[in-house]
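Spelled out, the chains give:
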Amino acid sequence: MKITKVESFVLHVPIDPPITDAINAATHWGLPGVRIFTDEGYVGYGYTGTCAHGDDMIADTIDRYYAPELIGKDPFMVKEIWDSLRFGKMHWIGRAGVTHMALAAVDIALWDIMAKASNKPLWQYLGGHKSKGIKAYNTNGGWLNWSKERLLKDVTDIVGQGFAGVKIKVGKPDPREDYDRVKAVREAIGDDVIFMIDVNQQWNINTAMTWGRKLEEFDLFWLEEPLNPDDILGHKKLADALNVPIALGEHVYSKYAFRDYIHQGAVEYCQVDVTRVAGVTEWLQVAGLAASYDVPICPHVGDMGQIHQHLVAATPGAVMLEYIPWIRTIFVEPATVKNGHYVLPEMPGASTEILPKYFDEYRVR
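Parameters at a glance
Residues numbered from 1 in each chain as written. Predicted model: local features only at pLDDT ≥ 70, side-chain atom pairs only at ≥ 80, totals over all residues. Heavy atoms only, no water. Helix = DSSP H or I, 4+ residues; strand = E, 2+ residues; numbered from the N terminus. Rg over C-alpha atoms; globule rule 2.2 N^0.38 Å. Buried < 20%, exposed > 50% of the residue type's maximum accessible area, 1.4 Å probe, protein only. Phe/Tyr/Trp six-rings, centres within 6.5 Å; stacked < 30°, edge-to-face > 60°. Lys NZ or Arg CZ within 6 Å of the ring centre and 35° of its normal. Core = buried A, V, L, I, M, F, W, Y, C linked by side-chain atoms within 4.5 Å. Contact = heavy atoms within 4.5 Å. UniProt positions renumbered as here; feature names shortened; annotations may be inferred. Arc of directions from axis to C-beta. Pairing = 2+ DSSP bridges. 1 Å grid on protein atoms, 1.4 Å probe; cavity = no way out; pocket = protein on both sides within 12 Å on 5 of 7 lines; lining within 4 Å. Points joined across faces, edges and corners; volume = space filled by probe spheres on them. Nonpolar A, V, L, I, M, F, W, Y, C, P; charged D, E, K, R; others polar. Axes fitted to C-alpha atoms, helices over the stretch in contact; angles between N-to-C directions. Parallel < 35°, antiparallel > 145°, perpendicular 65-115°, else oblique. Left-handed = near helix turned anticlockwise from the far one by under 90°. Expected span 1.5 Å × (residues − 1).

### Quick notes on the overall build of the protein chain
Scanning the protein chain from N- to C-terminus turns up 12 helices and 12 strands. Against the globule reference of 21 Å for 365 residues, the protein chain gives a C-alpha radius of gyration of 20 Å, in line with a compact fold. With respect to the three principal axes, the spread of C-alpha positions in the protein chain is 60 × 40 × 35 Å. In the protein chain, which comprises 365 residues, the proportion classed as buried is 57%.

This is the structure we're talking about:
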């Protein structure tokens, strides 16, 4: 099999209603991505996820620097291709961010092709582990711009739908307001529901130490991304001092950075995201690294779960998967949760193929 054509795309899918967390505000979810065509008729779809800013740079990287290197290659040589792009022409100017996210899209598309050609969903192609489904927790009721009243209604509705857990955003200008919202949510959902909070990098070490301790009383499953994601030492201090596990990974872009976090004991739930590290190939390397330290994996879903459902289903150390339903309806086989569990995909591929109607409707490039 040979690659015959590589075509980038950018989709902007509306988020209704718009959301905010401590550092982001989003009206659309961006999908800069790629379609890779082969001489045997298979087409692989890969994409990364953004708040719909900077997508043109990711698409430009694919078109100008990666696509010419892919023509004529065998998709099944994915690891060789990954090395040639990761350590190729773009290595000098970017080992994370734009170039890495562009490589993620390419790599995901190649794995999509391989699974389709093998007539298996990706989770089976990788060697399945969770045939009965994946436990799901829901983030889509806890946005920072929600009023306290809406917050409480949404999280109780989520629990009523059977989700194993809920996550809410914190990072208000006054941490006392965060405390009040966390307290109210715990009282509303009861003591038996898994409950996480996500700071989105908003705190410094002093705020995190002070309010992390105060919030321990609410039996939090984890404290997510409390500090700048480059601050490994600060996260280690928190992990050592607090009785709430530290979770992070959505802004950690390489296996080397995860190595340092894990080896130093600075992360206790590894949230490696296939759209931020350079695709399935690097995600699997991080998963193996985490397994050797018995650090559980619970990915951040920059893909909104489409690809991660496959990866979690094939990874023994992956314990749960986030659910945010913003873009699910655009896919041929949407990520689906029933009775609090992801229903594993049955169609061959990585669940990344987009319905033509929505591909055309939401395409901006």
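### Concerning the packing of aromatic side chains
Per the counting criterion, the structure on display carries 15 aromatic pairs. By way of ring pairs, the aromatic residues Tyr137, Phe221, Trp222 and Tyr269 are connected into one cluster. Of note, arginine 150 hangs over the ring of tryptophan 146, and the distance from its end group to the ring centre comes to 4.0 Å. Lying over the aromatic face of tryptophan 211, lysine 214 brings its terminal NZ or CZ to 5.3 Å of the ring centre.

### A few points about the nonpolar core
In terms of nonpolar packing, the biggest core is built from 115 residues, with Ile36 and Ile330 touching the most fellow members. Here this core gets 12 residues from one element, more than from any other, and that element is helix H3 (residues 98-117). Setting aside its immediate chain neighbours within four residues, isoleucine 36 contacts Ile3, Lys5, Val6, Tyr42, Val43, Gly44, Leu70, Val106, Ala109, Leu110 and Ile113. If you look at the next biggest cluster of nonpolar residues, it comprises 8 residues, including Tyr137, Ile194, Met196 and Cys298.

### Things to note about the UniProt feature "domain: Mandelate racemase/muconate lactonizing enzyme C-terminal" (unreviewed entry) in the protein chain
The sites that UniProt annotates as "domain: Mandelate racemase/muconate lactonizing enzyme C-terminal" (unreviewed entry) are residues 148-245. Secondary structure content for residues 148-245 is 50% helix and 13% strand, while the C-alpha to C-alpha distance between its ends is 25 Å.

### Remarks on helix H9 (residues 255-263)
Those residues of H9 that sit buried are Phe258, Tyr261 and Ile262. Take H9 and look down its axis: the buried residues cluster within an arc of 90°, on one side only. For H9, the secondary structure elements touched by its buried residues are helix H8 (232-241), strand E8 (246-248), strand E9 (269-270) and helix H10 (279-292).

### As for the pairing of strand E3 (residues 43-47)
The buried fraction of E3 amounts to 4 of the 5 residues, a majority that puts the element mostly inside the structure. Between strand E2 (residues 25-38) and the antiparallel strand that follows it, E3, lie 4 residues; glycine 41 among them carries a positive phi value of about 90°.

### Focus: the layout of surface pockets
As a volume, the largest pocket reaches approximately 390 Å³. Taken together, 27 residues line the largest pocket, and the ones lying closest to its centre are Asn24, Trp29, Cys51, Glu250 and Arg276. Contributions of two or more residues to the lining of the largest pocket are made by E2 and strand E5 (165-169). For the lining of the largest pocket, the residue count by class is 11 nonpolar, 8 polar and 8 charged.

### Remarks on the sheet that holds E2
One open sheet holds the 3 strands; their spatial order is E1-E2-E3, and the pairing between them is antiparallel. Two strands close off the open sheet at either side, each with one partner strand: strand E1 (3-20) and E3. On average, each strand axis in the sheet is inclined to that of its neighbour by 20°, with strand direction left out of account. In this sheet, E3 lies alongside E2 in antiparallel orientation, the contact comprising 5 bridges. Each residue of the ladder has a partner; that of phenylalanine 37, found in E3, is valine 43. Here helix H1 (residues 55-70) sits on the sheet and contacts E1 and E2; the angle it forms with E1, its principal contact strand, is near 165°.

### Let's talk about the packing of helix H7 (residues 205-215) against H8
H8 packs onto H7 with a crossing angle of 20° between their chain directions and a minimal axis gap of 10 Å. Taken as axis vectors, H7 and H8 run roughly parallel relative to one another. Helix-helix and strand crossings are classified by hand; for H7 and H8 the assignment is right-handed. Facing Ile205, Ala208, Met209 and Arg213 of H7, the residues of H8 in contact are Gly234, Lys237, Leu238 and Ala241.

### Some thoughts on H10
Spanning 14 residues, H10 covers 21 Å between terminal C-alpha atoms, matching the ideal 20 Å at 1.5 Å per step. Inspection of H10 places Gly279, Val280, Thr281, Glu282, Trp283, Val286, Ala287 and Ala290 among the buried residues, and these make up the whole buried set. At its buried positions, H10 is contacted by helix H2 (78-86), H3, H9, E9 and helix H11 (308-313). Downstream of H10 by a residue or two, aspartate 294 has a phi angle that is positive, lying close to 55°.

### Some points on unusual backbone geometry
Along the chain, aspartate 16 connects to proline 17 via a cis peptide bond; the corresponding omega equals 0°. Even without being glycine, asparagine 119 reaches a positive phi, approximately 60°. Assignment of secondary structure puts asparagine 119 in the loop between H3 and helix H4 (122-125). Residue classification places asparagine 119 among the exposed positions, given a relative accessible area of 58%. Despite not being glycine, asparagine 339 has its phi angle at roughly 50°, a positive value.

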